[in-house]
Amino acid sequence: MTNETETIKEQIKKAFSLTEDSAPHEEIRSRLLDGGKITGTNMCVMVCAMVIASVGLNVSSTAVIIGAMLISPLMGSILASAFASVSADYPLLRKHMIGLGMQVLISVAAATLYFLFSPLKEPTVELLARTSPAFFDVLIAFFGGLAGIIGQTRLDKTNTVIPGVAIATALMPPLCTCGYSIANGRWDMLIGAGYLFIINAYFIFLSASIILSALKIPKMKELTPKEWKIHRFRMIRNTIIIALPSIAAVYTML
């Protein structure tokens with residue numbers, strides 16, 4: 001009976017093992033950093049995705065919004081930043097965080113220009129849906145990020161997880177809503193949409209960092225116990241600060 005129990009335990013452990021079919025560390029590094037590169041092609045695709053998503057939000061077309069999510073390269077920068085953070089490569093982290101900042105600014109600028117010239121000024125249901133984030137959005141971003149980074153670190157390159165994650169975590173629509181808010185002076189909507197984007201981006205980053213740490217990604221330099229304690233404290237503090245308003249929003253709804 002003991003042997004059978006141990007065998008079942010081993011089978012369950014093997015079924016949920018992240019290291020069983022994990023790609024080599026160098027391949028993971030190459031995939032994530034390549035996905036986070038800021039190139040002319042990526043920037044052009046991103047602007048196109050922003051305009052498509054803005055049109056979808058403006059006319060309440062779910063299919064168009066989903067199409068924009070699928071071609072957006074924004075998630076690549078977040079996953080690359082998570083890799084740089086876990087590997088303690090701080091110059092690389094700074095580079096990808098600056099790149100993500102550039103992408104966000106250009107995305108919002110593209111959406112703002114679209115909504116400035118759009119004849120449809122009234123906020124649609126799709127736009128308003130991106131202005132009231134709650135704790136459920138935290139869960140979607142966190143578990144979507146987990147699925148995304150697990151898919152990206154597998155040995156099998158034929159990955160069907162990322163498109164689904166792109167739809168679930170929805171990085172583009174909140175930025176489009178920020179553009180709408182700026183173009184139409186709706187600062188109340190800007191705060192909600194901006195917060196939703198921060199939730200999505202941060203919890204994708206956090207979940208990716210957890211999985212990459214579990215895979216024991218090599219570090220550029222080993223942290224001292226004091227440095228590790230400070231790093232852990234900052235992550236816990238930031239997580240609480242970002243999640244707290246969304247938790248309060250759920251209680252307000254109830």
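> Before we go on, may I ask you to explain the overall build of the protein in this structure?
Across its full length, the protein carries 12 helices and 0 strands. Each helix (α) and strand (β) of the protein, taken in turn from the N terminus, gives the series α-α-α-α-α-α-α-α-α-α-α-α. Residue pairs at least 24 apart in sequence account for 84% of intrachain contacts in the protein once pairs closer than 6 positions are excluded. Carbon and sulfur atoms make up 69% of the accessible area of the protein, which totals about 13,500 Å².

> Can you help me understand the environment of Lys221 in this one?
Summarising the element assignment, Lys221 is placed in the loop between helix 11 (187-214) and helix 12 (225-253). With sequence-adjacent residues up to four places away left out, Lys221 is seen in contact with Ser87, Ala88, Tyr90 and Glu227.

> Help me out: how do you make sense of the packing of aromatic side chains in this one?
Remark: the centre distance and the inter-plane angle together describe each pair of aromatic rings, the angle taken between the planes. With the rule as written, the count across this model stands at 4 aromatic pairs. With a centroid separation of 5.3 Å and an interplanar angle of 85°, the aromatic rings of Phe115 and Tyr180 are classed as edge-to-face. In this pair, Phe115 sits in helix 6 (residues 90-117) while Tyr180 sits in helix 10 (residues 172-184), placing the two residues 65 residues apart along the sequence. Accessibility assignment for this pair places Phe115 and Tyr180 in one class, buried. Among the aromatic residues, ring-to-ring pairing joins Tyr114, Phe115 and Tyr180 into one connected group.

About the thresholds
- Along each chain, numbering runs from 1 in the same order as the chain's sequence is written.
- Reporting of local features is limited, given that this is a predicted model, to residues whose pLDDT is at least 70; pairs of side-chain atoms are given and counted only at 80 or more, and all residues count toward the totals for whole chains, interfaces and linings.
- The basis for every side-chain value is the complete set of non-hydrogen atoms in the structure, without hydrogens or water.
- Going along the chain from the N terminus, every DSSP run of H or I of four or more residues is numbered as a helix, and every run of E of two or more is numbered as a strand.
- Two residues form a contact once any of their heavy atoms are found within 4.5 Å.
- Accessible surface area values rest on a Shrake-Rupley calculation with a 1.4 Å probe, where residue burial reflects the displayed protein chains alone.
- Aromatic pairing here means that ring centres of Phe, Tyr or Trp (its six-membered ring) are within 6.5 Å. Orientation follows from the plane angle: under 30 degrees is stacked, over 60 is edge-to-face, and everything else is tilted.
- When a residue's accessible area, from a 1.4 Å probe over protein chains only, is under 20% of the maximum for its type it is buried; when over 50% it is exposed; and in between it is partly exposed.

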